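Coordinate analysis (summary)
The primary structure of each chain is shown beneath.
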Amino acid sequence: MDTIFHKIIRREIPADIVYEDDDIIAFRDIAPQAPVHVLFVPKTDVATLNDLQASQAEVVGRLAFAAARYAKEQGFAEDGYRIVMNCNDDGGQTVFQIHLHLLAGAPLGRFGTPA
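To start, this report covers the structure provided alongside it. What you are looking at is a predicted structure, and each value in this text was computed from that prediction instead of being measured.

1. Some points on the overall build of the protein
Of the regular secondary structure elements, the protein holds two helices and five strands. Start at the N end of the protein and walk to the C end: the helices and strands fall as α-β-β-β-α-β-β. Computed over its C-alpha atoms, the radius of gyration of the protein comes to 14 Å, within 12% of the 13 Å expected for a compact globule of 115 residues. Its C-alpha atoms give the protein principal-axis dimensions of about 35 × 35 × 25 Å. Considering the protein as a whole, with its 115 residues, one finds that 37% of them fall into the buried category. Counting contacts in the protein only where the partners sit at least 6 residues apart, residues at least 24 apart contribute 51% of the total.

Here it is as structure tokens:
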């Protein structure tokens, strides 16, 4: 796979990186949907949640843990935040490398399609 996220991981294109470890990179979304909108991306290649193997389940846990740690470090964990993972076109996925959106910094309200 070679997505925009892979190019960011390889430092071929710039990004506002806010967190990185051996397994994950996190950077600010270029089209933020909240005052804080950070993408947490595993360095393991997995296109969609549907492609995640049982042996890779910890990848999702690492993403969630890194997002929670970042929220605490940045001081908005107590006010609240949302984490979202999209899967495929109807789920809103536009880059086919799994990633977690962290949204915060304002009341987020409800989401989804109207009833």
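After that view, the rundown keeps rolling.
2. Here we look at the side chain of His99
Note that His99 resides in the loop between β4 (81-84) and β5 (100-104). Residue classification places His99 among the buried positions, given a relative accessible area of 6%. A distance of 2.7 Å separates a polar side-chain atom of His99 from the backbone oxygen of Gln97. A distance of 3.4 Å separates a polar atom in the side chain of His99 from a polar atom in the side chain of His101. His99 has contacts with Phe5, Leu39, Phe40, Val41, Val84 and Met85, leaving out every residue within four places of it along the chain.

3. Brief notes about unusual backbone geometry
Residue Arg11 is not a glycine yet carries a positive backbone phi of 65°. You can see Arg11 is positioned in the loop between α1 (4-9) and β1 (17-20).

What counts and what doesn't
Residues numbered from 1 in each chain as written. Predicted model: local features only at pLDDT ≥ 70, side-chain atom pairs only at ≥ 80, totals over all residues. Heavy atoms only, no water. Helix = DSSP H or I, 4+ residues; strand = E, 2+ residues; numbered from the N terminus. Rg over C-alpha atoms; globule rule 2.2 N^0.38 Å. Buried < 20%, exposed > 50% of the residue type's maximum accessible area, 1.4 Å probe, protein only. Contact = heavy atoms within 4.5 Å. Polar contact = N/O pair within 3.5 Å; in protein donor to acceptor, adjacent residues only side chain to side chain.

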